[in-house]
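Structural description and commentary
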Amino acid sequence: DYIYFGWSEGAESGEHALGALLHPGAWGKRPLAERLLRLKVPRVELIYGDKDWMDVRHGNAATDAAERGSKSGGNYPAIFVQLLEGAGHYAHLEQPESFCAALQTALNRPTKCTSARAAPVPEGFGDRF
């Protein structure tokens, strides 16, 4: 009901928000990756779909930047990226079981986890952009 109302019955507030957030072509006016490193939280979890229009490589770059900054003595959050197979931007609707499993992984992950943080990028992934 919520999504139906937002897309068809409600005021077009989302369209106004998109214009404030994105340049033409869906390029962020204030990319999140630059701001993630300033968050004062111990951990950030990013969940992407492998069919998403958002590029998981940007999340991986934020992960790498946070790791480098932490090794240099900075106080950055641990950023973890998960990539869900067969999901697009609405992974919670398109692959609900995979999304719930990813969310469970995120919720159960210890704050000081040392496992791999970046998501593996499928071969040919960048050819979509």
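Residues numbered from 1 in each chain as written. Predicted model: local features only at pLDDT ≥ 70, side-chain atom pairs only at ≥ 80, totals over all residues. Heavy atoms only, no water.

Once that is clear, we can look at the overall build of the protein. Helix and strand counts for the protein stand at six helices and four strands. Each helix (α) and strand (β) of the protein, taken in turn from the N terminus, gives the series α-α-β-β-α-β-α-β-α-α. A buried classification covers 26% of the 129 residues belonging to the protein. For the protein, the exposed area adds up to about 8,900 Å²; of that, 57% sits on carbon and sulfur atoms. (Helix = DSSP H or I, 4+ residues; strand = E, 2+ residues; numbered from the N terminus. Buried < 20%, exposed > 50% of the residue type's maximum accessible area, 1.4 Å probe, protein only. Areas by Shrake-Rupley, 256 points an atom, 1.4 Å probe, with all protein chains shown as cover.)

Residue pairs three or four apart in sequence face the same way in an α-helix, which turns once every 3.6 residues. Taking 1.5 Å as the rise per residue, helix 4 (residues 56-71) with 16 residues should run 22 Å; its terminal C-alpha atoms sit 23 Å apart, in good agreement. Residues of helix 4 that are buried include every one of Val56, Gly59, Asn60, Ala62, Thr63, Ala66 and Gly69, and no others. Next to the buried residues of helix 4 lie helix 3 (32-36), strand 3 (43-49) and strand 4 (78-84). (Expected span 1.5 Å × (residues − 1). Contact = heavy atoms within 4.5 Å.)

Next up on the list: the packing of aromatic side chains. Across all of its chains, the model carries zero aromatic pairs by this definition. One residue, Arg109, lies across the ring of Phe80, its end atom 4.1 Å from the ring centre. (Phe/Tyr/Trp six-rings, centres within 6.5 Å; stacked < 30°, edge-to-face > 60°. Lys NZ or Arg CZ within 6 Å of the ring centre and 35° of its normal.)

Turning our eyes to something else, we now look at the pattern of salt bridges. If you walk through the whole model with that rule in mind, you get four salt bridges. Taking the shortest distance from any N to any O, the salt bridge between Arg43 and Glu45 comes out at 3.2 Å. Arg57 is paired through a salt bridge with Asp55; the nearest N and O atoms lie 2.6 Å apart. Ionic contacts of the salt-bridge type, sharing partners, join the residues Arg43, Glu45 and Arg109 into one network. (Salt bridge = Lys/Arg side-chain N within 4 Å of Asp/Glu carboxyl O.)

Time to look at the nonpolar core. One finds Leu36, Leu37, Val44, Leu46, Tyr48, Val56, Ala62, Ala66, Ile79, Val81, Ala119 and Phe125 forming the largest nonpolar core, which totals twelve residues. Listing elements by their share of this core, those giving two or more residues are strand 3, helix 4 and strand 4. Excluding residues within four positions of it along the chain, Val56 makes contact with Tyr48, Val81, Leu83, Ala119, Val121 and Phe125. (Core = buried A, V, L, I, M, F, W, Y, C linked by side-chain atoms within 4.5 Å.)

Direction of pairing for strand 3 relative to strand 4: parallel, over a ladder of seven bridges. Looking at the pairing, Arg43 lines up with Ala78 of strand 4. One crossover worth recording links strand 3 to the parallel strand 4 by way of helix 4, and it is right-handed. (Pairing = 2+ DSSP bridges. Right-handed = clockwise from strand over helix to strand, strands pointing away.)

So, on to the side chain of Asn60. Within the secondary structure, Asn60 is located in helix 4. Within polar-contact distance, the side chain of Asn60 engages the backbone nitrogen of Ala119 at 2.9 Å. Every residue in contact with Asn60, bar those within four places of it in the chain, is listed here: Val81, Ala118, Ala119 and Val121. (Polar contact = N/O pair within 3.5 Å; in protein donor to acceptor, adjacent residues only side chain to side chain.)

Counting through the fold element by element, Asp55 comes out in the loop between strand 3 and helix 4. Relative accessible area serves as the criterion here: at 10%, Asp55 is assigned to the buried category. One polar contact links Asp55 to Arg57, side chain to side chain, over a distance of 2.6 Å.

Here we come to the confidence of the model for the protein. On average, residues of the protein score 83 in pLDDT, and 83% of them reach the 70 mark or higher. Within the protein, helix 1 (residues 2-9) has the poorest average pLDDT of any element, 60, and helix 6 (residues 96-108) the best, 95. (pLDDT = per-residue confidence, 0-100.)

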